[in-house]
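Here's the letter readout for the chains.
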Amino acid sequence: MTAATLKRGARVPKSAQARPTRAVTAAPAFGKRQAGIALGVVLAVALATMIAVGVPQRLWAGFVQWTAARGWEVRHVELTGAREQDRLAIYAAVLNGPTNAMLATDLDAVRTRLKKLPWVADASVQRRLPDTLVIEVTERKPVALWQFNRKLAAIDLAGHVLTRQRLERWNDLPILIGPNANGRVREALELLAATPLGRDVTAVTLVGGRRWDLHFKSGEVMALPDRPALAKGALTAFARLDGKGPVRLIGGGFTRFDLRLPGRMIVAGPAVAQTLADAEKARRAAAQAREI
């Protein structure tokens, strides 16, 4: 083995020079942000699990039962606006839910059940804690009587059947006759309101699902065109003609007026025969006068 001697002031050999070292960075510690995300994931999983097994529902159901046991249940119904609709039917609809607990009462479901009753057009449902439901109903109004299969019923403007009982209260309403006539009640009422003749009409028959026949109090029947605009025009023209002469056509001995053809009127009844007889007498008298 040989030994090398290093003289003072001499350079250090390259092989003996210290090599540069690379700084080693330590791995960062688990930060707060990552910890928050992890905690959120754990809570989300736990919440989902609780929901899956029905924990919130059971807690809510228990709370509702607890409040009901302390008087928070439906014990009173304060009702306004009901005149025709049977009150027992309203109470039955209000209390028809799965429970009478106040907090579990579905107000929208109560309102939906109320609107299915014949007379109820709309309803307002509110809670008055701890034990009262406040109900305000808006009722439908009868505008006509509908006769179908020899049965009468009061109907509203939308054609809904309201009742078949105690109809004598609405004897002054017009009668609509025929299948589906109730569905065109608005059209019939607008037709009757177009002229003063409407007050002389007792019933309106829907013929063939297309057009109307008017029945007058004095017994005449008037056949109208099948298009509403033409029907209204024909009735208006007849009303002007009816009011011109010294004697009205309505109640004048005719039985039928047929206005279905534009610009024409076909009439029938004893007055027609009398008119023809009078015309024949006038013709003969005129002929005799010419002979003289």
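What you are looking at is a predicted structure, and each value in this text was computed from that prediction instead of being measured.

Trainee: I tried to follow the pattern of salt bridges on my own but got confused; where do I start?
Mentor: Where charged atoms from two side chains of opposite charge approach closely, those side chains can pair. Summed over the entire model, instances satisfying the criterion amount to eleven salt bridges. Among the salt bridges present, the one from Asp200 reaches Arg248, with a minimum N-O distance of 3.1 Å. Note that Asp200 is positioned in the loop between α5 (185–193) and β8 (201–207) and Arg248 in the loop between α6 (228–242) and β11 (256–258), a separation of 48 residues in sequence. Accessibility expressed as a relative area gives 37% for Arg248, which makes it partly exposed. Residues joined in a network through salt bridges with shared partners are Asp200, Asp242 and Arg248.

Trainee: Where do I start with the nonpolar core in this structure?
Mentor: Within soluble globular proteins, side chains that are nonpolar generally end up buried alongside one another. In terms of nonpolar packing, the biggest core is built from 29 residues, with Leu176, Trp212, Leu214, Met222, Leu224 and Phe238 touching the most fellow members. Of all the secondary-structure elements, those providing two or more residues to this core are β4 (144–148), α5, β8, β9 (211–216) and α6. Here the element with the most residues in this core is α6; it accounts for five residues. Apart from residues no more than four positions distant in its own chain, Leu224 is found in contact with Leu191, Arg211, Trp212, Asp213, Leu214, Ala231, Ala234, Leu235, Leu259 and Arg260. In this structure, Val74, Leu114, Val120 and Val125 belong to the second largest nonpolar core, which totals 16 residues.

Trainee: Would you take a moment to explain the sheet that holds strand β6 (residues 161–163) for this structure?
Mentor: What links the strands of a sheet is backbone hydrogen bonding, and the strands pair in either a parallel or an antiparallel sense. With mixed pairing, nine strands are arranged side by side in an open sheet as β6-β5-β4-β7-β8-β9-β10-β11-β12. At either end of the open sheet lies a strand with only one pairing partner, and these are β6 and β12 (266–268). Here the strands of the sheet are splayed against their neighbours by 30 degrees on average, with no regard to which way each runs. The pairing of β9 with strand β10 (residues 221–223) spans three bridges and is antiparallel. Each bridged residue has a counterpart across the sheet, and for His215 the counterpart in β10 is Val221. Strands in contact with α5 are β4, β5 (151–155), β7 (175–177), β8 and β9; relative to β9, the strand with the most contacts, it is inclined by about 50 degrees.

Trainee: I tried to follow the pairing of β5 on my own but got confused; where do I start?
Mentor: Within a regular beta strand, the side chains point alternately toward one face of the sheet and then the other, so they alternate between its two faces. Sheet analysis places β4 next to β5, joined by five bridges and oriented antiparallel. Following the sheet pairing, Trp146 is matched in β5 by Ala153. In this structure, the hairpin formed by β4 and β5 is closed by a connection of two residues, where Asn149 is found at a positive phi of approximately 55 degrees. The pairing of β5 with β6 spans two bridges and is classified as antiparallel. Counted as the bridge partner of Ala154 is Thr163 from β6. Hairpin connection from β5 to β6: five residues lie between these consecutive antiparallel strands, with Gly159 at a positive phi of about 90 degrees.

Trainee: So what exactly am I meant to see when it comes to α6 here?
Mentor: One turn of an α-helix holds 3.6 residues; hence residues three or four places apart share an orientation. Taking 1.5 Å per residue as the helical rise, α6 with its 15 residues ought to reach 21 Å, and the 21 Å between its terminal C-alpha atoms agrees with that figure. Residues of α6 that are buried in the fold lie against α5, β9, β10 and β11.

Conventions we followed
- Residues numbered from 1 in each chain as written.
- Predicted model: local features only at pLDDT ≥ 70, side-chain atom pairs only at ≥ 80, totals over all residues.
- Heavy atoms only, no water.
- Salt bridge = Lys/Arg side-chain N within 4 Å of Asp/Glu carboxyl O.
- Helix = DSSP H or I, 4+ residues; strand = E, 2+ residues; numbered from the N terminus.
- Buried < 20%, exposed > 50% of the residue type's maximum accessible area, 1.4 Å probe, protein only.
- Core = buried A, V, L, I, M, F, W, Y, C linked by side-chain atoms within 4.5 Å.
- Contact = heavy atoms within 4.5 Å.
- Pairing = 2+ DSSP bridges.
- Axes fitted to C-alpha atoms, helices over the stretch in contact; angles between N-to-C directions.
- Expected span 1.5 Å × (residues − 1).

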